[in-house]
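Structural features, examined
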Amino acid sequence: VLGADAQHSGLTDATLNITGALFGMDENKYQVEVMGDCGPSVFSDIIDLIVYKSPEIIDQPVNTTACEFTSASFSITTGDTDAPNIQWFENDGVSGWQPLTNSGTVSGAFSPSLQLFGVDSAMNGNEYRAEVTNLCGGPAVSDPGLLNVLNPPALWQQPTDITVCELTQADFEVVATGTNLSYQWQVDMRDGAGFQNLLDTSGYVGSDANLLQVTTPTSRFNGYRYRVVVTSADCAPARTSTYAQLRVDEVAEIVTAPVAKEICEGASTAFSVDAGVTAEPTYMWEVDDGGGWTVIDGATDPLVYSGQNSATLILDDVPSDYNGNLYKVTVGGACPDIATSTDVLLTVNDQPEILSDPVNDTVCENSPAQFEVDAGVTTGVGYQWQVNESGSWANLTAADESSGDYTGVDDPILIVNDPDLTYSGYRYRVLVSGTCNPTLTSMEATLLIDTRPYVAQEPVDRIICEDSDVTFVVDAGSTTEPVYYWEYSTNGGGAWNDAAAVASDGLSDLPVLSLEDVPSTYD
């Protein structure tokens, strides 16, 4: 028997009223008992009450996180809702809530579980909700569920090759997108071990960042290859960059410097420098000829210089006035640093020369004779005098000096100290040598010896008759170019006069003095 409650009224009337039927009343059974004054009461047939559930959402969508290009889903539970009609909506933050339909990327747009396929980063932050209706009305609107799309690693900028000078920092950088990224740089040292993970040691900073700094690369780093592995803590797969190569240019260096050179005039020589492993070496040679340093270029003595822009400076047919020149070279290269050698000296020795030859000399016997040569600026000059006494040339030696016959047998001036008549006709010459070849031979000079005046036969006393003729004769022997001068004295030798005054021919410069008609006063 029904009791009075909020849902039922008319319990004793012919009509039972049910107001606000509850879902819990679904499938309740009802019958009515009819009573009267006559006879027993009767019962009606039993009838069922069907109560449909209004739209309801028991379980709300929850926020969902998915990696880009994967699937995501949102779900609701409609509880006991009878014959629910479900419609999912999407809010992209621009167009508001828009109904979804099933497509290649959407499934379940009309079911409790919405499936999204191949979500991309543009969907990050989108909201999704469901509306539920049925014959009882609606809609029941769910809470929105937020889609959080995580990005797997993507490389937008690869590391690029770089060239630096040694000990100059090199940077390798990548630009990557993705969520919760981590970086691991690797190096291939070209030693056969392949790529190996780096740590922030031994000259590296940022081995776990998008920017790797190779802080002080030395030449051994040349040719190393670098790449990075980018990993997301949320989404796979990891991405590996292409590799970039490091070129390390050596700064300018001089391993072997030029050295001083000594040559003979007219010869060729060269100054060389070893720039070691200098990257893209350049060379600038300079000369100081006493007026300061000047760069040797194509216009500088082109007949002498060549190779002025190379590691070897060549000098051809070098004149003697280059003696004392200083040279140095500056080595540059791909790096801004330069290296300059110390200056080195060029010594140009003059070849033997004879500016003036010895000349003939005539002296009196036992008087010194002298022969002289001028060897100019011959470098390291040496002299060797020779004598030709009888058809062949012989060197004069120290023994000839020790004997006293000669002085200066190895000097520019040769002195024949005490030549007697046997030296007359001797020929002399000198060999001039020096640091350079060839040895020169001077012209020859002849020594002539004049015999000193002497009387080989004296005049003799003469006894004659008054007014007779008489002669006096003298023999000068081998006296060279003798000159005679007869004199007479009238006072016993107290005073002497030119005999030309008494000579019959008036001559007193002959070897014979002739007197005619000699008076007695000449006695």
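Remember, predicted model here, so these are calculated numbers, not experimental data.

One finds Trp-285, Tyr-305, Leu-315, Tyr-322, Tyr-327 and Leu-346 to be the most contacted residues of the largest nonpolar core, which totals 22 residues. Mapped onto this core, the elements with two or more residues apiece are strand S29 (282-288), strand S32 (312-315), strand S33 (326-332) and strand S35 (344-349). Sequence-distant contacts of Tyr-322, that is, excluding residues within four places in its chain, are made with Asp-301, Val-304, Tyr-305, Leu-315, Tyr-327, Leu-346 and Val-348. Ala-369, Leu-396, Val-416 and Leu-447 belong to the second largest nonpolar core, which has 21 residues in total.

With that settled, consider the side chain of Thr-179. Within the secondary structure layout, Thr-179 lies in the loop between strand S19 (175-177) and strand S20 (181-188). Take Thr-179: its relative accessible area is 18%, and that puts it in the buried class. Side chain to side chain, Thr-179 and Asp-234 meet in a polar contact 3.3 Å long. Excluding residues that lie within four positions of it along the chain, Thr-179 makes contacts with Leu-150, Asn-151, Ser-232, Ala-233 and Asp-234.

What follows covers the pattern of salt bridges. Side chains that differ in sign of charge can pair as their charged atoms come close. Evaluated as defined, the whole model comprises seven salt bridges. Two residues, Arg-225 and Asp-188, come together in a salt bridge whose shortest N-O distance is 2.8 Å. Residue Arg-225 is located in strand S24 (residues 225-232), and its partner Asp-188 is located in strand S20; the two are separated by 37 residues in the primary sequence. The exposure class of Arg-225 is buried, given its relative accessible area of 17%. Residue classification places Asp-188 among the buried residues on the basis of a relative accessible area of 5%. Ionic pairing is found between Glu-444 and Arg-427, a salt bridge with its closest N-O pair at 3.0 Å. Of this pair, Glu-444 sits in the loop between strand S43 (440-441) and strand S44 (445-450) while Arg-427 sits in strand S42 (residues 427-433), placing them 17 residues apart in sequence. The partly exposed category is assigned to Glu-444, whose relative accessible area is 39%.

In this fold, Glu-250 is placed in the loop between strand S26 (244-249) and strand S27 (261-264). Beyond its immediate chain neighbours, meaning those up to four positions away, Glu-250 contacts Glu-166, Ser-219, Val-277, Thr-278, Ala-279 and Cys-335.

On to the packing of aromatic side chains. Summed over the entire model, instances satisfying the criterion amount to 13 aromatic pairs. A centroid spacing of 6.4 Å and a plane angle of 40° characterise the contact between Phe-195 and Tyr-243, whose relative ring orientation is tilted. Here Tyr-243 lies in the loop between strand S25 (239-240) and S26 and Phe-195 lies in strand S21 (residues 195-197), a separation of 48 residues in the sequence. The interplanar angle of 40° and the centroid separation of 5.9 Å between the aromatic rings of Tyr-305 and Tyr-322 together place this pair among those described as tilted.

Strand order in the open sheet formed by three strands is S18-S23-S22, with antiparallel pairing between adjacent strands. Both outer strands of the open sheet, strand S18 (170-173) and strand S22 (204-205), are each paired with one neighbouring strand and no more. For S22 and strand S23 (residues 211-214), the ladder comprises two bridges, and the chain directions are antiparallel. Pairing of Tyr-204 across the sheet is with Val-214, part of S23.

One open sheet accounts for three strands, arranged S8-S12-S11; its pairing is antiparallel. One side of each edge strand has no neighbouring strand; the edge strands of this open sheet are strand S8 (72-75) and strand S11 (106-107). The pairing of S8 with strand S12 (residues 113-116) spans four bridges and is classified as antiparallel. Bridging across to S12, Ala-72 finds its partner in Leu-116.

Take Ile-463: it is sitting in the loop between S44 and strand S45 (468-473). Residue Ile-463 is classed as exposed on the basis of its relative accessible area, which comes to 86%. With 117 residues separating them along the chain, Ile-463 and Leu-346 place their C-alpha atoms 88 Å apart.

A cluster of nonpolar side chains, namely Leu-2, Leu-11, Leu-16 and Ile-18, defines an oily patch on the protein surface of about 280 Å² accessible area. As for its placement among the helices and strands, Leu-2 is situated in the segment before strand S1 (8-9).

A full pass over the atoms with the stated rule returns three disulfides. Two residues share a disulfide in this structure: Cys-67 and Cys-235, whose sulfurs sit 1.8 Å from each other. The chirality of the disulfide connecting Cys-67 with Cys-235 is left-handed, given an S-S dihedral of about -95°. Of this pair, Cys-67 sits in strand S7 (residues 64-67) while Cys-235 sits in the loop between S24 and S25; the two residues are 168 residues apart in sequence, bridging distant segments of the chain.

Rules behind the numbers
- Residues numbered from 1 in each chain as written.
- Predicted model: local features only at pLDDT ≥ 70, side-chain atom pairs only at ≥ 80, totals over all residues.
- Heavy atoms only, no water.
- Core = buried A, V, L, I, M, F, W, Y, C linked by side-chain atoms within 4.5 Å.
- Buried < 20%, exposed > 50% of the residue type's maximum accessible area, 1.4 Å probe, protein only.
- Helix = DSSP H or I, 4+ residues; strand = E, 2+ residues; numbered from the N terminus.
- Contact = heavy atoms within 4.5 Å.
- Polar contact = N/O pair within 3.5 Å; in protein donor to acceptor, adjacent residues only side chain to side chain.
- Salt bridge = Lys/Arg side-chain N within 4 Å of Asp/Glu carboxyl O.
- Phe/Tyr/Trp six-rings, centres within 6.5 Å; stacked < 30°, edge-to-face > 60°.
- Pairing = 2+ DSSP bridges.
- Patch = residues over 30% accessible without salt bridge, like charges linked within 9 Å, V, L, I, M, F, W, Y side chains within 5 Å.
- Areas by Shrake-Rupley, 256 points an atom, 1.4 Å probe, with all protein chains shown as cover.
- Disulfide = S-S within 2.5 Å.

In short, geometric facts, not functional conclusions.
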